[in-house]
Amino acid sequence: MKRLPIGVNNLEKIITRNYYFVDKTLLIKDVYELEGEVKLITRPRRFGKTLNMDMIKQFYSIDGKDLFDELKIMNEKEFMKDHYHQYPVIFVSFRNIKKTNWGDAKKALKKLLYKMIFDHTQNEDILDMYKKGDTPYEDALLDITEALYKQYEKKVILLIDEYDVPIEAAYTYQHKDSEYYENMVAFMRDLLTAALKDNPYLEFAILTGVYRVAKESIFSGLNNVATYTIFENEMADKFGFTEDEVYELLKYYDLENDIDAVRDWYNGYVFGGVEGIYNPWSVIYYTKERLAGKDVEKALQPYWINTSSNDIIIKQIENNPYLQEDLDKLLSKQDLIVPIDPFLSLREIDQNPSGVWTLFASAGYINAIQISRKEYSVSIPNKEIEEFYKDSVMLWLERTTKVAMYDLIRALREAVVKGNVNRFAKLLERYLSSSLSYFDIGYDDTERVYKAFVLGMLSLGTNGYVVETETESGYGRVDVAIHPKERRYGEYALVWS
């Protein structure tokens with residue numbers, strides 16, 4: 001039986017050590033035929049970007065291993081003849097540049113780029129120039145492409161993985177270092193511009209990341225970048241698992257009867273209008289737990305959420321009081337239409353409250369279906385993400401208090417679930433009198449914050465019911481309405497202030 005590739009992003013290891021492999025090799029041909037000398041591909045974290053980039057490297061590289069026997073790309077005879085092992089390839093990943101200040105980040109960048117120069121050139125003169133500081137490190141990738149071109153007399157393929165990780169880290173920790181963000185943007189802009197703009201030694205380049213940061217001036221002056229985000233349908237099935245791929249994986253391990261449960265928890269992603277994409281990380285971990293002997297219910301866990309960095313998402317939830325009502329609508333399965341700008345930068349999110357939806361969609365925390373030029377219908381993809389939002393709303397509720405109120409909040413939830421109106425009323429009065437203050441909230445947002453609190457409690461504790469807010473009724477609007485998803489005579493409740 002094949003081993004499960006838990007966290008394995010290296011094709012050679014997967015093939016030679018008998019790991020289960022979901023064959024995405026047709027991506028190699030697809031990406032070559034895409035428009036643009038420089039191709040930027042964005043997908044959520046842990047959706048196969050790094051493994052796919054390593055696969056591309058192994059296929060094109062002059063020094064690549066023969067790992068593609070019996071894989072789909074081998075059927076493309078003419079393409080294999082023209083491109084298999086025909087190019088010098090550079091593969092650099094910025095996934096580990098997550099420092100909390102510019103000084104440490106700059107050291108890490110220089111160390112990474114120096115190693116790249118050493119590994120690819122072995123040219124003492126070039127290495128000595130960088131050691132002495134005679135050449136800026138922003139020229140490193142350009143110098144490597146030139147050196148490889150002269151060595152092989154062939155143009156170079158440049159693969160840059162997780163290019164946005166250093167920028168995201170700078171955005172996250174800019175409160176600790178006021179110059180961090182601007183310095184990081186300037187460094188990455190100069191590094192990429194030197195390597196990608198009018199580079200005569202370049203065959204083509206691919207960059208991957210979570211966010212498209214065009215407005216950060218990262219690609220300032222570059223007119224040869226073609227972007228393929230979650231909003232485009234090119235390569236929609238090449239990142240993440242499809243329904244058929246998940247079923248075949250489960251079937252291989254005699255778990256095909258689990259498909260419905262796995263679909264509810266880890267399916268539901270929509271890329272470029274293509275539905276039915278699964279989170280590969282969570283599917284693999286679920287399979288691992290089932291093979292270890294856990295039953296279905298215990299094996300269904302939020303694996304992706306618990307292993308990804310959620311700092312930037314949680315920061316938006318905690319610092320944006322206007323977001324709470326919208327999250328409650330999502331949790332209660334209501335339709336929600338929001339503005340999304342695929343070009344929005346991280347810096348602009350702080351000045352544009354609606355910009356969080358661009359962030360959430362790019363990172364995989366919502367599905368976004370375009371309904372007009374600027375508006376998108378958004379929804380929660382699956383139960384794994386739903387659990388994350390429930391936990392985040394609960395965390396927000398706890399952090400609005402002046403003292404530890406966790407037990408009281410749990411009691412409030414229990415009263416909602418059991419329908420104990422009197423107990424809920426007493427506990428709510430106790431909570432509000434001892435935690436939330438009118439003066440702490442501020443005059444403009446007073447009702448909104450209290451209302452968000454009530455909606456949060458209801459959405460967390462009303463499984464089987466729909467929670468609606470601000471619905472038209474008579475001559476006005478009902479603040480909050482609760483009704484069963486399946487309407488039954490006489491079972492309807494309204495709450496208003």
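Each value, and the rule that gives it
- Each chain carries its own residue numbering, running from 1 in the direction its sequence is written.
- This being a predicted model, a pLDDT of at least 70 is required before a residue's local features are given, and a value of 80 or more before pairs of side-chain atoms are given or counted; all residues contribute to the totals for chains, interfaces and linings.
- Only hydrogens and water are removed before side-chain values are computed, so all heavy atoms of the structure are retained for them.
- Where helices and strands are cited, they refer to DSSP runs of H or I of at least four residues and of E of at least two residues respectively, numbered from the N terminus.
- Two residues qualify as a contact provided that any one of their heavy atoms is within 4.5 Å of a heavy atom in the partner residue.
- Using a 1.4 Å probe, the Shrake-Rupley method yields the accessible areas, and only the shown protein chains count as cover for residues.
- Buried residues of nine kinds, namely Ala, Val, Leu, Ile, Met, Phe, Trp, Tyr and Cys, make up a nonpolar core once their side-chain atoms join them within 4.5 Å.
- Each residue is placed in one exposure class: buried if its accessible area under a 1.4 Å probe, protein chains only, is under 20% of its type's maximum, exposed if it is over 50%, and partly exposed if it falls in between.
- Strands were regarded as paired on the criterion that DSSP finds at least two bridges between them.
- Here the axes come from fitting lines to C-alpha atoms, over the contacting stretch only for helices, and the angles between their N-to-C directions go from 0 to 180 degrees.
- Expected helix span is taken as 1.5 Å per residue step, with the number of steps being one fewer than the number of residues.
- By the criterion applied in these results, polar contacts are pairs of N or O atoms within 3.5 Å in which, for protein atoms, one can donate a hydrogen and the other can accept it, and in which residues neighboring in sequence qualify only through two side-chain atoms.
- Side-chain rings of Phe, Tyr and Trp (the six-membered ring for Trp) are treated as a pair once their centres are within 6.5 Å; stacked means planes under 30 degrees apart, edge-to-face means over 60, and tilted covers the remaining angles.
- In this scheme, Lys NZ or Arg CZ marks a charge over a ring once it lies within 6 Å of the ring centre and within 35 degrees of the ring normal.
- Patches draw on residues past 30% relative accessible area with no salt bridge. Two like charges within 9 Å are joined, as are two nonpolar side chains (Val, Leu, Ile, Met, Phe, Trp, Tyr) within 5 Å.
- When a carboxyl oxygen of Asp or Glu lies within 4 Å of a side-chain nitrogen of Lys or Arg, that pair is called a salt bridge.

S.K.: How do you make sense of the overall build of the chain when you look at a structure like this?
M.R.: In terms of helices and strands, the chain carries 23 helices and 13 strands. A sequence separation of at least 24 residues applies to 70% of the contacts in the chain between residues at least 6 apart. By element, 46% of the accessible surface of the chain is carried by carbon and sulfur atoms, the whole surface being about 23700 Å².

S.K.: Please explain the nonpolar core as it appears in this structure.
M.R.: Leu196, Trp357, Phe360 and Tyr389 are the most contacted members of the largest nonpolar core, which has 105 residues in total. Among the elements that line this core, the one with the most residues is helix α9 (residues 180–196), at 10 residues. Residues in contact with tryptophan 357, not counting those within four places in the same chain, are Leu323, Asp326, Leu330, Leu336, Val338, Pro339, Ile340 and Ile366. Within the second largest apolar cluster, 34 residues are counted, among which are Phe21, Leu51, Ile56 and Ile157.

S.K.: Please clarify how the sheet that holds strand β4 (residues 202–209) should be interpreted in this entry.
M.R.: Note: strands within a sheet are paired through backbone hydrogen bonds, in either parallel or antiparallel orientation. Strand order in the open sheet formed by 5 strands is β2-β3-β4-β1-β5, and the pairing between neighbours is parallel. Edge positions in the open sheet fall to β2 (89–93) and β5 (225–228), since each of these has one partner strand only. Taking the axes of each pair of neighbouring strands and ignoring which way they run, one obtains an average angle of 15 degrees across the sheet. Pairing of β2 with strand β3 (residues 156–161), which is carried by 5 bridges, proceeds in the parallel orientation. Residue pairing across strands places phenylalanine 91 opposite leucine 159, the latter belonging to β3.

S.K.: For this particular structure, what's the right way to read helix α5 (residues 102–121)?
M.R.: Helical geometry note: an α-helix holds 3.6 residues per turn, so side chains three or four residues apart project in the same direction. Between its first and last C-alpha, α5 extends 28 Å over 20 residues, near the 28 Å set by a 1.5 Å rise per residue. If you check which residues of α5 are buried, you get Trp102, Ala105, Ala108, Leu109, Leu113, Met116, Ile117 and Thr121. Contacts made by the buried residues of α5 are with β2, α6 (124–132), α7 (140–152) and α9. N-cap assignment for α5: the residue whose side-chain oxygen lies 3.2 Å from the backbone N of glycine 103 is asparagine 101. Immediately beyond the C-terminal end of α5, within one or two residues, lies glutamine 122, with a positive phi of roughly 55 degrees.

S.K.: What am I meant to see in the pairing of β4 here?
M.R.: The two faces of the sheet receive side chains in turn, since in a regular strand these alternate between them. Most of β4 is tucked away: 7 of the 8 residues are buried. Pairing analysis gives 5 bridges linking strand β1 (residues 38–42) to β4, with the strands arranged parallel. By the bridge assignment for β4, threonine 42 is matched with glycine 209. In terms of strand pairing, β3 meets β4 through 5 bridges, oriented parallel. Residue pairing across strands places isoleucine 157 opposite phenylalanine 204, the latter belonging to β4.

S.K.: For this particular structure, what's the right way to read the environment of tyrosine 149?
M.R.: Along the chain, the position of tyrosine 149 falls in helix α7. By relative accessible area, tyrosine 149 is classed as partly exposed at 31%. Between the C-alpha atom of tyrosine 149 and that of tyrosine 87, which follows or precedes it by 62 residues, the distance is 9.4 Å. Discounting chain neighbours no more than four positions away, the residues touching tyrosine 149 are Lys154, Lys155, Val156 and Tyr201.

S.K.: Is there a simple way to think about the environment of glutamate 386 in this case?
M.R.: Mapped onto the elements of the fold, glutamate 386 is located in helix α19 (residues 383–399). What makes glutamate 386 buried here is its relative accessible area of 14%. Sequence separation of glutamate 386 and isoleucine 366 is 20 residues, and the distance between their C-alpha atoms is 9.7 Å. Residue contacts for glutamate 386: discarding those within four places in its chain leaves Leu331, Lys333 and Ile380.

S.K.: Just to check I follow, could you spell out the pairing of strand β7 (residues 274–277) for this structure?
M.R.: Taken together, the 2 bridges between strand β6 (residues 269–271) and β7 define a ladder with antiparallel strand orientation. For phenylalanine 271, the partnering residue across the bridge sits in β7 and is valine 274. Linking two consecutive strands that pair antiparallel, namely β6 and β7, is a turn of 2 residues; a positive phi of about 60 degrees is found at glycine 272 within it.

S.K.: Would you mind showing me how to read the packing of aromatic side chains here?
M.R.: A ring pair, where both rings are aromatic, is described by two values, the distance of the centres and the angle of the planes. Per the counting criterion, the structure on display carries 33 aromatic pairs. Note on tyrosine 20 and tyrosine 253: the rings are 5.9 Å apart at their centroids and 45 degrees apart in plane angle, and the pair reads as tilted. Taken together, the residues tyrosine 20 in the loop between α1 (11–16) and α2 (26–33) and tyrosine 253 in the loop between α10 (243–252) and α11 (259–266) connect sequence positions 233 residues apart. Here the two residues tyrosine 20 and tyrosine 253 agree in accessibility, since each one is buried. With centroids separated by 5.8 Å and ring planes inclined at 80 degrees, the aromatic side chains of tyrosine 32 and phenylalanine 204 adopt a geometry described as edge-to-face. Placement of tyrosine 32 in helix α2 and of phenylalanine 204 in strand β4 is noted, with a sequence separation of 172 residues between them. With a relative accessible area of 4%, phenylalanine 204 lands in the buried category. Among the aromatic residues, those joined into a cluster by ring pairs are Phe47, Tyr269, Phe271, Trp304, Trp357, Phe360, Tyr365, Phe388 and Tyr389. Over the face of the ring belonging to phenylalanine 204 we find lysine 39, whose NZ or CZ atom lies 5.7 Å from the ring centre. Stacked on the ring of phenylalanine 271, the Lys or Arg arginine 43 has its end atom at 5.1 Å from the ring centre.

S.K.: What exactly am I supposed to notice about a nonpolar patch on the surface here?
M.R.: The grouping of Met1, Tyr252 and Leu291 at the surface amounts to a nonpolar patch, some 320 Å² of accessible area in total. Turning to its location among the elements, tyrosine 252 is positioned in helix α10. On the basis of relative accessibility, which here comes to 33%, the residue tyrosine 252 falls in the partly exposed class.

S.K.: Would you take a moment to explain the side chain of glutamate 162 for this structure?
M.R.: With respect to the helices and strands, glutamate 162 occurs in the loop between β3 and α8 (165–172). Beyond its immediate stretch of four places on either side in the chain, glutamate 162 contacts Arg45, Lys49, Thr50, Ser93, Phe94, Arg95, Thr208 and Gly209.

S.K.: How should I be thinking about the pattern of salt bridges in this particular structure?
M.R.: Opposite charge on two side chains lets them pair, provided their charged atoms get close. On inspection of all chains with the given rule, the structure shows 20 salt bridges. Overlapping salt bridges bring together Asp30, Asp237 and Lys238 as one network.

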